[in-house]
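What follows is the residue order along each chain.
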Amino acid sequence: MLRKTVLFLALLPAISVCAQQAPSKTADTPAAAQAPSSADAEKLAKEVSDAYYHPEELAGIDCSVQMDWEPFMTALKIDLASDEGKKELAVLRGLKLHAHAMRGKPAELTFDWSAGSPFAKDQVEGGLKQTVAGFFQSYWGTFEMAELKASEVTKVEAHTDSTSTIYTGGDNSKLVIDVDSEGTPTRYKLSTPALNATIDLLFVPTEPPAPGDPRRISEAHIVQFLGESTIKVNMKMDYQPVDTFFVPRHVAFDIPGSLSMAFELSSCQVTKNSPAK
């Protein structure tokens, strides 16, 4: 049974969505698309940037990672009540995993199997690197996506329900952003020669609302089109306070028809950017 677990871990797709995202439906009845004025483009870019939580001062996160193995193994139809299932679960639970994730860099994972290692340790570690490091790649990607530059906006469609669609990029690489009536980005659609992808975003408001603490991303529903293949990934997360920031706490991935995996980040520390001079 452990071989089956290892196989699925090794086959987990790298969830690299740092340059794409997309949410719910596109608004109906657009007005004629037109190139925005410099002032309008600046206003749109600021609305998108201010729409959700992505503190620019946050440079890195260090956390212990506790995998939730039971749902994952249950999805693989492993009998956790059997002796073999119990042994397998005990081995995986013994893993001490630490993540060092700096913005703009691949996350570094440290594995401690001092309590006992599985027979195919390299494959297990490879799968976890794809899952956990892939999450941080996606997480930092939401920071990059919020940094919409006014100079990159080529045209805007205004809709009758006060939503709008923003177009950026050129002939070879295009990014289309749907925003709601408050300027919150709800869908990103990326088109390049190598990759097409959409990401639908859902948010949770802060309670109580406070200045400088806007809504936070709670879900991302991702569809990647790679040639003839389609990869769908649903991601959910909530947050915890660390220092002056809120960083992810519980993270859940669901690959429909394949598997689900969740983990918790704890004992976190943060690295701050140096103040701009």
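Just above, that's the structure.
Residues numbered from 1 in each chain as written. Predicted model: local features only at pLDDT ≥ 70, side-chain atom pairs only at ≥ 80, totals over all residues. Heavy atoms only, no water.

Draft legend 1. Representation of the overall build of the protein chain. Within the protein chain one finds five helices and 12 strands. For the protein chain, the residues scored as buried account for 46% of the 277 residues in total. In the protein chain, 59% of the contacts between residues at least 6 apart in sequence involve partners at least 24 apart. Surface accessibility of the protein chain: about 14100 Å² in total, with carbon and sulfur atoms responsible for 52%. (Helix = DSSP H or I, 4+ residues; strand = E, 2+ residues; numbered from the N terminus. Buried < 20%, exposed > 50% of the residue type's maximum accessible area, 1.4 Å probe, protein only. Contact = heavy atoms within 4.5 Å. Areas by Shrake-Rupley, 256 points an atom, 1.4 Å probe, with all protein chains shown as cover.)

Draft legend 2. Quick look at unusual backbone geometry. If you check the backbone angles, D243 has positive phi at about 60° while not being a glycine. Mapped onto the fold, D243 is located in the loop between β10 (229–242) and β11 (245–255). Located in the positive-phi region is S267, a residue other than glycine, with phi close to 50°. Residue placement: S267 occurs in strand β12 (residues 259–272).

Draft legend 3. Expanded view of the side chain of E157. Here E157 is to be found in strand β4 (residues 153–158). Put simply, E157 is tucked away with no salt bridge, and the nearest opposite charge, on K155, sits 5.4 Å away. Polar side-chain contacts of E157 include one of 3.1 Å to the side chain of Y167. (Lys, Arg positive; Asp, Glu negative; His and termini not counted. Salt bridge = Lys/Arg side-chain N within 4 Å of Asp/Glu carboxyl O. Polar contact = N/O pair within 3.5 Å; in protein donor to acceptor, adjacent residues only side chain to side chain.)

Draft legend 4. View of helix α4 (residues 83–93). The complete set of buried residues in α4 reads G85, E88, L89 and L92. The buried residues of α4 occupy one face: seen down the axis, they fall within an arc of 95°. Those residues of α4 that are exposed and angled more than 90 degrees off the buried face are D83, K86 and K87. (Arc of directions from axis to C-beta.)

Draft legend 5. Quick look at the pattern of salt bridges. Evaluated as defined, the whole model comprises 12 salt bridges. E147 is the salt-bridge partner of R103, the closest N and O atoms lying 2.7 Å from each other. Here E147 lies in the loop between α5 (121–146) and β4 and R103 lies in the loop between β2 (96–102) and β3 (108–112), a separation of 44 residues in the sequence. Taking relative accessible area as the criterion, E147 reaches 35% and is therefore assigned partly exposed. Across the pair D122 and K121 runs a salt bridge, and its minimum N-O distance is 3.9 Å. Connected through salt bridges with shared partners, the residues E56, R103, E144 and E147 form a single ionic network.

Draft legend 6. Geometry of the environment of S260. Examined against the element boundaries, S260 turns out to sit in strand β12. Here S260 falls in the partly exposed class, since its relative accessible area comes to 28%. A sequence separation of 188 residues divides S260 from F72, and the C-alpha atoms of the two residues are 5.6 Å apart. Every residue in contact with S260, bar those within four places of it in the chain, is listed here: F72, F253 and D254.

Draft legend 7. Structural view of the pairing of β10. Alignment of strand β9 (residues 216–226) against β10, held across eight bridges, turns out to be antiparallel. Pairing of A220 across the sheet is with M235, part of β10. Connecting the antiparallel pair β9 and β10 is a turn made up of two residues, with G227 showing a positive phi of about 65°. Note: β10 against β11, eight bridges, orientation antiparallel. (Pairing = 2+ DSSP bridges.)

Draft legend 8. Representation of the state of the cysteines in the model. Summed over all chains, the structure comprises one disulfide. One disulfide in the model links C63 with C268; its S-S distance is 2.0 Å. Of note, the bridge from C63 to C268 carries an S-S torsion of about 120° and is right-handed in sense. On the criterion of sequence distance, the pair formed by C63 in strand β1 (residues 58–68) and C268 in strand β12 is long-range, its members being 205 residues apart. Since its relative accessible area comes to 14%, C268 is described here as buried. (Disulfide = S-S within 2.5 Å.)

Draft legend 9. Broad picture of the sheet that holds β12. Taken in spatial order, the 12 strands make up an open sheet running β3-β2-β1-β12-β11-β10-β9-β8-β7-β6-β5-β4, and their pairing is antiparallel. With one partner strand each, in any of the chains shown, β3 and β4 form the two edges of the open sheet. Each adjacent strand pair in this sheet contributes to an overall mean axis angle of 20°, direction not counted. Note that strand β8 (residues 196–204) and β9 share nine bridges and pair antiparallel. Note that in β9 the partner of L202 across the bridge is E219. (Axes fitted to C-alpha atoms, helices over the stretch in contact; angles between N-to-C directions.)

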